[in-house]
Structure formats: structure tokens, C-alpha cells
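# Residue-level structure breakdown
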Amino acid sequence: MPREVAGEADLVVVDTTWGELQPLQSAPGVVTLGELELLKSLSGGAVLIDSRVPGSRAGITIPGAVNIPHDRILESRDQLDPSRLSVFFCNGPQCPQSPAAVRALVETGYPASALAYYRGGLHDWVTLAMPTERVTRPPAPVSAPGSKTTAHRALASRDQPKTKPRRAFLWPAPVPAGRLRSNTTGP
């Protein structure tokens, strides 16, 4: 999880020692996106969903993201519009929050074609010095059925202040490939 460095306006520390690598594909039929594909999808009208729980958000998110915590995704399902692509992200390739949310949706019949997974998450976004914005308020409540969803109202307003791109500092050093843990089996 990227964390700001006190006294350094554009420097963050990225802890590479937590979590467990997640599979590239979060669920059958759900496409996985890199940064360029994410930007293209967003410019085409996709909705960006920050699925991190409040305690793991560290005060920043990707600009325009709407927070729907992974552990509330099924009760918040009506905030998603199956006619628009919803792109989920969390803390990075080693974070299980987005894959869990995507799998829960697919398992309950939500169309996989309306979902995408940005596996790099905030970890890769920040290490690539992409812009972030501060998280200034808690997640919005679930909207009433039939109303314009909270997620789409937030995207339309885009009223949160932007911050400039950040420098990334990896600490501790990346773990050698042979020492990484994985939750997948196979070669």
C-alpha cells in the first residue's frame, strides 16, 4: 500500500512485503487491464471502482474513482450499471480485495462483460508516477433503487481536488522472483 512520506510533498513509500500475488484473471470472462487500457476505458465512459476498505485507502485514490468496499459489493450492487463497464482496483497485484469483489459479482449473476480488473491497482499506479487525488470523505451510502446512482453522480461531478504525480520509492527492495508467494497453482 503506498503511503506518503512526511515532509516530502511528492514522495511515497510502497511496501512490497505484504499480501499474496493474485491471478492475472480475477474471474472467467472478466478482462484484466493495464494502465493504458484503463485510461482508454475511462475516456470511453467506464466507471472506476476503488474496492478498498476505508482502513486500507491511505488517504489517496486514482482520480475519478468511486469507493465501494469489496466487503459491501453485493449490498451495493445496485450502484453498478451493467450497460457501462465497471473497472475494479485495489492496492495492487498482491491485494485480494478487487478480485474478491469481481468474483462475488460474477458468482451472483452480474455480467462478466460489464466488469474489468485493473490488477496493478494503486501500487502500480503510484510507482508509475500517475496522478492521484486525496480521499476526503467516506464512501457514499447505497442509493435507493431507481435513483441515479451515487457512483455515477460522483463521476459526473469530479469535485475532489487533484494532486500532482508522485515519485515512488520502493522499500524494502523487491523480493527475488523465487521467493514470491502465490495463491495460484501450476507452472
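Residues numbered from 1 in each chain as written. Predicted model: local features only at pLDDT ≥ 70, side-chain atom pairs only at ≥ 80, totals over all residues. Heavy atoms only, no water.

## Remarks on the pairing of strand β4 (residues 47-50)
Burial of β4 is two-sided: the residues V47 and I49 facing one way and the residues L48 and D50 facing the other way are all buried. The pairing of β4 with strand β7 (residues 86-89) spans four bridges and is classified as parallel. Residue pairing across strands places L48 opposite V87, the latter belonging to β7. The sheet contact formed by β4 and strand β6 (residues 66-67) spans two bridges and is parallel. Residue pairing for β6: I49 is matched across the bridge by V66. (Buried < 20%, exposed > 50% of the residue type's maximum accessible area, 1.4 Å probe, protein only. Helix = DSSP H or I, 4+ residues; strand = E, 2+ residues; numbered from the N terminus. Pairing = 2+ DSSP bridges.)

## Re the pattern of salt bridges
All chains considered together, the criterion is met by two salt bridges. We note a salt bridge from D50 to R52, for which the minimum N-O separation is 2.7 Å. Owing to a relative accessible area of 0%, D50 belongs among the buried residues under this scheme. With a relative accessible area of 0%, R52 lands in the buried category. (Salt bridge = Lys/Arg side-chain N within 4 Å of Asp/Glu carboxyl O.)

## Digging into the environment of D124
Among the structural elements, D124 can be located in helix α3 (residues 121-127). Residues D124 and N91 lie 33 residues apart in sequence; the distance between their C-alpha atoms is 8.5 Å. Contacts of D124, omitting those with residues within four sequence positions, involve E35, P93 and Y118. (Contact = heavy atoms within 4.5 Å.)

## Focus on the pairing of strand β8 (residues 115-118)
The alternating pattern of β8 places L115 and Y117 on one face and A116 and Y118 on the opposite face, and all of these are buried. Pairing of strand β3 (residues 31-33) with β8 involves three bridges; the strand directions are parallel. Bridge assignment links T32 to a residue of β8, and that residue is Y117. As defined by bridge partners, β7 adjoins β8 across three bridges and the pair is classed as parallel. Bridged to S86 within β8 is L115. Handedness of the crossover is the feature at issue here: the chain leaves β7, passes through helix α2 (residues 97-107), returns alongside β8, and the resulting connection is right-handed. (Right-handed = clockwise from strand over helix to strand, strands pointing away.)

## Here's the deal with α2
Along α2, the residues that are buried comprise Q97, S98, P99, A101, V102, A104 and L105. Each element contacted by the buried residues of α2 is listed here: β7 and β8. Positive backbone phi, at 95°, marks G109, one or two positions downstream of α2.

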